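Residue-level structure breakdown
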Amino acid sequence: MSIYRTHTCGQLRGSDAGKEVKISGWVHRKRDHGGLLFIDLRDHYGLTQCVINSDNPVFAEIERTRLENVIMITGEVVTRMAGTQNKDLPTGEIEVKIKTFELLSSPVTDMLPLQVNAEENYGEEVRLRYRFLDLRRETIHKNIMLRSDVIYSMRRRMVEQGFREFQTPILTASSPEGARDFLVPSRLHPGKFYALPQAPQQFKQLLMMSGFDRYFQIAPCFRDEDARADRTAGEFYQLDMEMSFVTQEDVFTVMENVIGGVFEEFAEFTGTKQAVSPAPWIRIPYDESMLKYGNDKPDLRNPLVIVDVSSVFARADVEFKAFKGVIDKGGVVRAIRAPKVSDRPRSFFDKLNAWAQSEGAPGLGYVTLEGAEGKGPIAKFLPAGAMEELLKLTGAESGDAVFFAADVADKAASLAGKARTKIAEEMDIIEKNTFKFCWVIDYPMFELNDKTNKIDFSHNPFSMPQGGLKALQTQEPLKIKATQYDCVANGLELCSGGIRNHMPEAMEKAFEIAGYPAGAVQEKFGGMYNAFKLGAPPHGGCAFGIDRIIMMLAKEPNIREVIAFPMNQQAEDLMMGAPSPAEPHQLKDVSIKLDLPKAAVKDIKQAS
RNA sequence: GCGGGAGUAGCUCAGCUGGUUAGAGCGUCGCCCUGUCACGGCGAAGGCCGCGGGUUCAAGUCCCGUCUCUCGCGCCA
């Protein structure tokens with residue numbers, strides 16, 4: 001038996017009445033009635049009310065104990081008197097009548113920088129600097145437990161699907177594509193650097209070429225890019241997986257089981273049951289997603305869709321110059337049907353118009369429909385025939401409104417996409433309490449870099465072009481699709497993946513199209529290139545962002561709420577004082593001399 | 001790098017068109033209180049109003065600059 005406790009603070013029930021127990025924990029809250037004192041004792045498992053009255057010799061001492069002191073008490077479990085039981089507390093039927101008391105921690109004498117027993121929105125700086133206190137608080141403590149449970153569930157489900165977990169190097173080579181690397185100087189090789197992996201991409205492919213067939217890893221990934229609310233500074237975790245002898249449908253099936261299963265398992269974490277899309281999840285080609293939703297991460301909780309109505313405004317009998325001018329310059333007009341809003345006050349439309357202007361658009365044009373007749377600022381430019389065509393394209397009916405976005409294709413798509421969200425929010429028609437999954441498929445293999453006007457890989461140079469080498473040799477590069485896909489839930493990108501290009505000839509051709517010199521593949525991906533030539537199986541996989549999944553399950557708007565020790569937006573760890581200057585001898589070891597910019601290097605003050 | 005918001009007690013915040021001694025809740029300290037569970041009551045300590053300039057008889061409040069935090073853009077194959 002533990003010398004510290006016979007029970008946890010969440011354990012005792014009415015049936016334990018009469019037992020002599022010993023429990024330890026933090027002083028969560030005190031209620032001092034003079035001759036009678038209540039202490040809520042808290043540990044990881046819960047709260048237990050402890051009570052002592054003034055005839056006990058330790059009363060005076062325990063009365064002085066401060067919040068967040070760690071104490072151990074012994075006493076008798078007693079059933080609370082009728083009318084004093086607390087139904088909100090699992091242990092609320094009983095209390096522990098304190099006999100002895102011992103302080104286990106150094107007594108708290110400093111002021112607490114944040115209060116553990118309150119669910120206030122404390123500032124990020126205080127929370128991160130005193131993260132150990134913050135993590136004692138109920139909500140985030142539960143989030144971190146959820147994280148553990150989710151990761152365990154992922155592991156179990158992956159193993160059940162026949163996957164094995166691997167570890168891949170943290171000190172590895174810089175990858176020439178993608179985000180900025182974190183570099184680690186090499187002591188043994190002056191002037192050379194390791195890079196922390198942005199993803200274990202090449203290693204997992206090499207494991208397939210090593211014949212392991214099904215790989216997964218709870219993989220730490222490092223990218224030296226700025227943070228966002230849904231993107232941590234520096235590092236994050238992925239459920240990374242890869243499998244051999246598969247098509248993309250095989251990958252989808254596995255992950256619909258695993259991720260769908262995880263979401264089902266934790267769908268009620270917040271207390272409200274969330275529905276989860278049943279498998280198979282909808283597949284949406286990239287081009288269709290860009291048209292109908294205005295981006296490649298559609299939020300399917302929003303019932304509105306975008307349609308192209310350029311043909312309406314291109315008609316000879318339509319004389320709306322603003323849109324015609326856009327079309328003449330090669331642009332498009334996109335429309336969003338908003339059902340049953342024609343009776344909304346003018347302010348509804350004005351607000352949306354003002355919003356569009358704040359997004360940099362000239363405005364958000366619209367027509368409302370009463371019967372077959374159009375009203376609103378643009379309606380007068382639409383004669384009967386054009387109106388008929390508009391209704392046919394959009395499916396709009398009497399009582400609806402149709403909003404327009406006109407610009408060059410990608411800008412019109414982007415504005416229409418944002419407008420789709422904004423209009424749905426204003427209408428309050430976004431489905432609640434549901435996780436809506438889809439796969440976005442058929443990403444383009446290449447794209448035109450609008451700065452250099454050259455062809456780049458649009459996503460990931462490792463994915464197999466649809467049609468293979470032959471497609472690369474015979475098709476217009478910008479029309480070639482990659483076997484590349486994303487998984488999206490509620491408008492949040494959760495995963496990216498692809499069927500990989502395992503044919504060295506096709507890899508070389510793809511890099512040639514993207515403007516790399518001959519031999520580039522061999523130079524950049526030497527290990528993998530050799531493996532491709534010595535018997536590479538067809539393979540593919542994907543990687544799900546674990547932090548984002550937990551964030552969704554916990555319904556947290558900020559990713560730091562599901563990470564125990566995140567860095568702040570400036571990629572600083574205020575608690576540990578990272579990053580910090582290196583000692584001169586450390587720099588000498590790795591043959592580095594500093595050449596600092598004139599802005600002084602900031603010292604991050606450690607918690608004191 | 002750029003834009004929005006914020007910065008007042010240990011913490012969360014209030015502080016009006018500039019106007020006497022800058023307030024509240026929690027926490028801390030002292031006193032009272034034997035059934036509370038956000039216990040209650042009385043009292044006290046605690047403030048470079050982020051920092052630096054400026055305007056003014058007078059600045060937490062207005063102006064300029066700057067720093068910090070945060071949200072977004074860029075960036076994130």
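Since the structure is predicted, the reported quantities are computational estimates derived from the model, not experimental observations.

The subject of this paragraph is the packing of aromatic side chains. All chains considered together, the criterion is met by 28 aromatic pairs. Centre to centre, the rings of Phe323 and Phe404 are 5.9 Å apart; their planes meet at 65 degrees, and the pair counts as edge-to-face. Separated by 81 residues along the polypeptide, Phe323 in helix 9 (residues 321–328) and Phe404 in strand 17 (residues 401–407) bring together distant segments of the chain. For the residue pair Phe323 and Phe404, the accessibility class agrees, reading buried in each case. One residue, Arg344, lies across the ring of Phe348, its end atom 4.9 Å from the ring centre.

Strand order across the open sheet formed by five strands is 13-14-17-15-16, with antiparallel pairing between neighbours. Of all strands in the sheet, those bounded by a partner on one side alone are strand 13 (306–308) and strand 16 (373–375). With direction set aside, neighbouring strand axes in the sheet form an average angle of 30 degrees. Pairing analysis gives three bridges linking strand 15 (residues 365–370) to strand 16, with the strands arranged antiparallel. Across the sheet, Thr368 pairs through a bridge with Lys375, a residue of strand 16. Contacts from helix 7 (residues 286–293) reach strand 13 and strand 14 (332–338) within the one sheet, and its direction differs from that of strand 13 by about 100 degrees. Along the sheet, helix 10 (residues 346–358) contacts strand 15 and strand 17; its crossing angle with strand 17, the most-contacted strand, is approximately 15 degrees.

Where nonpolar side chains cluster on the molecular surface, the patch consists of Ile3, Tyr4 and Leu104 and spans about 290 Å² of accessible area. You can see Ile3 is positioned in the segment before strand 1 (20–32). Judged by relative accessible area, Ile3 falls into the exposed class, the value being 59%.

Inspection of the region around RNA strand B gives 51 residues, with Arg29, Asp32, Thr84, Gln115 and His459 positioned closest. A distance of 3.0 Å separates a phosphate oxygen of RNA strand B from a polar backbone atom of Gly123. One nitrogen or oxygen atom from the side chain of Asp226 is found 2.8 Å from a base nitrogen belonging to RNA strand B. Sorting the residues of the surface near RNA strand B by element identifies strand 1, strand 2 (36–43), strand 3 (46–53) and helix 2 (124–129) as the ones contributing at least two each. Considering each element in turn, the surface near RNA strand B owes the most residues, four residues, to strand 1.

About the cut-offs
Residues numbered from 1 in each chain as written. Chains lettered and ligands numbered in written order. Predicted model: local features only at pLDDT ≥ 70, side-chain atom pairs only at ≥ 80, totals over all residues. Heavy atoms only, no water. Phe/Tyr/Trp six-rings, centres within 6.5 Å; stacked < 30°, edge-to-face > 60°. Helix = DSSP H or I, 4+ residues; strand = E, 2+ residues; numbered from the N terminus. Buried < 20%, exposed > 50% of the residue type's maximum accessible area, 1.4 Å probe, protein only. Lys NZ or Arg CZ within 6 Å of the ring centre and 35° of its normal. Pairing = 2+ DSSP bridges. Axes fitted to C-alpha atoms, helices over the stretch in contact; angles between N-to-C directions. Contact = heavy atoms within 4.5 Å. Patch = residues over 30% accessible without salt bridge, like charges linked within 9 Å, V, L, I, M, F, W, Y side chains within 5 Å. Areas by Shrake-Rupley, 256 points an atom, 1.4 Å probe, with all protein chains shown as cover. Salt bridge = Lys/Arg side-chain N within 4 Å of Asp/Glu carboxyl O. Near = heavy atom within 4 Å. Polar contact = N/O pair within 3.5 Å; in protein donor to acceptor, adjacent residues only side chain to side chain.

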